[in-house]
Amino acid sequence: MNKKTKLRIALASATLVVAAATGTALASGGSSSGSDSGSERPSTAQNKRGEQDKRQMPAVVEADGANVFPHSLDFDAPSKSFYVGSLKHGTVSTLGTDGKVRTFIDDPQIVSAQAVNIDRERGRVLVSNVDYGTADRSRKDAPFKVAGVGSYDLATGKQNWCVDLTALTLDGKRHLISDVTVAPDGTAYAVDELTPTVFRIDPEGNASVFLRDDLLQGTLDIPDFLDDVGMAAVEYAAGDQLIIAMADGSLVRVPVQHPEDAQKVRLSAPLASPTAGMRLLADGSITAVSSGLLTGKPARIQHVTPADGWKTATVTVTDTVTDPVTSDVTEGPGGTTYALSGGLADLLAGKSNDGFTLTPVRTG
């Protein structure tokens, strides 16, 4: 089966996922228990606490950006603005809690804008460049052949640099830069979802291969679309180390000074699969979202509490999002956390949409 045939099958599969997801959402009634059994009826006291929690939660943000299809986002506290990338247009837009979407970066070098990271200390926005084969600027006959990271001025949106990471590998393989994080010294680390490669990029845009390790090789298959999906998200954590979320629900810790010592984090339970996005919290723990893309079930919000310098960690489910295809979490105003549902299944199915949704979620 050639790649074009597989992509066409994937679009049809995505349509079925959306239909299944809608049915599941209605059946679940938006439950946030994190349990699949649904066998226990909450007590009156629990119902009252749940209603009180809902009243205290901020409102859902319904963004008006038609056909933006964001996969990830970040929040800039001083401006109270969310920054979202567009898989369809290759742009980066800003919005507030009013849901008004405004294009901020429009760089012809960016095919699809996936990861978005605000680096306020250096006054820049980092954006990963990918190509699912579905964007306005895509090479429709050669998806997943684009891999890069761009840096843009946080005040003006003007490009500082845009680096092509495929030039470092020259391996002819498919690539997907799923996420980018920044260390305190300004070094950026970008993870490739389709090869076991972590890239290092200095503040001036000079890139190198930081780590290539079989431990980071993907094992999750998305039927008739992508095989061996691996690194989905990355955060720089205390102890000068990277915490990498694998799509299969595992976590890997990579000491920055000794990347050869990378090892899996021993988890109390795996994250739900596929893991999609993470947010580092102020106390050093992590909130992660796992998409229900493959199951049609609500996306799960999970709290990961580390111990022993991230050698071990405890995983608990803290919330769910009715839209299964929820792909990222970020800080929001006043210490809140929002989850992004950007319409990925519609994009893969060749459908249009009217916007996307930011849902406030509980992190603990």
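In case you missed it, the structure is sitting above this.
Residues numbered from 1 in each chain as written. Predicted model: local features only at pLDDT ≥ 70, side-chain atom pairs only at ≥ 80, totals over all residues. Heavy atoms only, no water.

Enquirer: Describe the pairing of strand E21 (residues 275–280), with residues and values.
Expert: Side-chain direction in a regular strand flips from residue to residue, so the side chains alternate between the two faces of the sheet. The buried count for E21 comes to five of six residues, which makes it a mostly enclosed element. Of the strand pairs in this sheet, E21 and strand E22 (residues 286–290) are connected by five bridges, and their pairing is antiparallel. Across the sheet, Thr 275 pairs through a bridge with Ser 290, a residue of E22. If you look at the hairpin formed by E21 and E22, you'll find five residues sitting between the two strands, and Gly 284 has a positive phi there, around 90°. (Buried < 20%, exposed > 50% of the residue type's maximum accessible area, 1.4 Å probe, protein only. Helix = DSSP H or I, 4+ residues; strand = E, 2+ residues; numbered from the N terminus. Pairing = 2+ DSSP bridges.)

Enquirer: Could you give an account of the packing of aromatic side chains, naming the residues involved and the relevant values?
Expert: Evaluated as defined, the whole model comprises six aromatic pairs. On the basis of an interplanar angle of 50° and a centroid distance of 4.9 Å, the ring pair of Phe 75 and Phe 82 is categorised as tilted. The same class applies to Phe 75 and to Phe 82, which are both buried. Each ring, one from Phe 82 and one from Tyr 338, has its centre 5.4 Å from the other, and the planes form 70°; the classification is edge-to-face. With Phe 82 in strand E3 (residues 81–85) and Tyr 338 in strand E26 (residues 337–341), this pair connects stretches of sequence that are 256 residues apart. Across this residue pair, the class does not change: Phe 82 and Tyr 338 are buried. Put simply, the rings of Phe 75, Phe 82 and Tyr 338 pair up and form one aromatic cluster. (Phe/Tyr/Trp six-rings, centres within 6.5 Å; stacked < 30°, edge-to-face > 60°.)

Enquirer: Requested: an account of the sheet that holds strand E25 (residues 326–331), with residues and values cited.
Expert: The strand order E1-E27-E26-E25 describes an open sheet built from four strands, whose pairing is antiparallel. Every interior strand has two partners, whereas the edge strands, strand E1 (61–63) and E25, have only one. Here the average twist between neighbouring strands, direction ignored, is 25°. (Axes fitted to C-alpha atoms, helices over the stretch in contact; angles between N-to-C directions.)

Enquirer: Which residues make up the side chain of Arg 124, and what are the values?
Expert: As for its position among the elements, Arg 124 is in strand E7 (residues 124–130). On the basis of relative accessible area, Arg 124 is assigned to the buried category, the value being 3%. Here Asp 119 takes part through its side chain, which lies 2.7 Å from a polar atom of the side chain of Arg 124. (Polar contact = N/O pair within 3.5 Å; in protein donor to acceptor, adjacent residues only side chain to side chain.)

Enquirer: Could you give an account of the sheet that holds strand E6 (residues 112–119), naming the residues involved and the relevant values?
Expert: As summarised here, the arrangement of the four strands in space is E6-E7-E8-E9, forming an open sheet in which the pairing is antiparallel. Each edge of the open sheet is held by one strand with a lone partner, namely E6 and strand E9 (159–164). Strand-to-strand twist in this sheet, taken as the mean axis angle between neighbours without regard to direction, amounts to 15°.

Enquirer: Can you lay out unusual backbone geometry for me, pointing to particular residues and giving the numbers?
Expert: Along the chain, Ser 273 connects to Pro 274 via a cis peptide bond; the corresponding omega equals 5°. One non-glycine residue with positive phi stands out, namely Asp 240, at about 55°. Mapped onto the fold, Asp 240 is located in the loop between strand E16 (231–237) and strand E17 (241–246). Judged by its relative accessible area of 26%, Asp 240 falls in the partly exposed class.

Enquirer: Tell me about the nonpolar core, and name the residues and values.
Expert: Tyr 132, Val 149, Leu 165, Ile 177 and Val 180 are the most contacted members of the largest nonpolar core, which has 33 residues in total. When residues of this core are traced back to their parent elements, those giving at least two are E7, E9, strand E10 (177–182), strand E11 (188–192), strand E12 (197–201), strand E14 (220–222), strand E15 (226–229) and helix H4 (344–348). Among the elements that line this core, the one with the most residues is H4, at four residues. With 17 residues, the next largest nonpolar core counts Met 231, Leu 242, Ile 244 and Val 256 among its residues. (Core = buried A, V, L, I, M, F, W, Y, C linked by side-chain atoms within 4.5 Å.)

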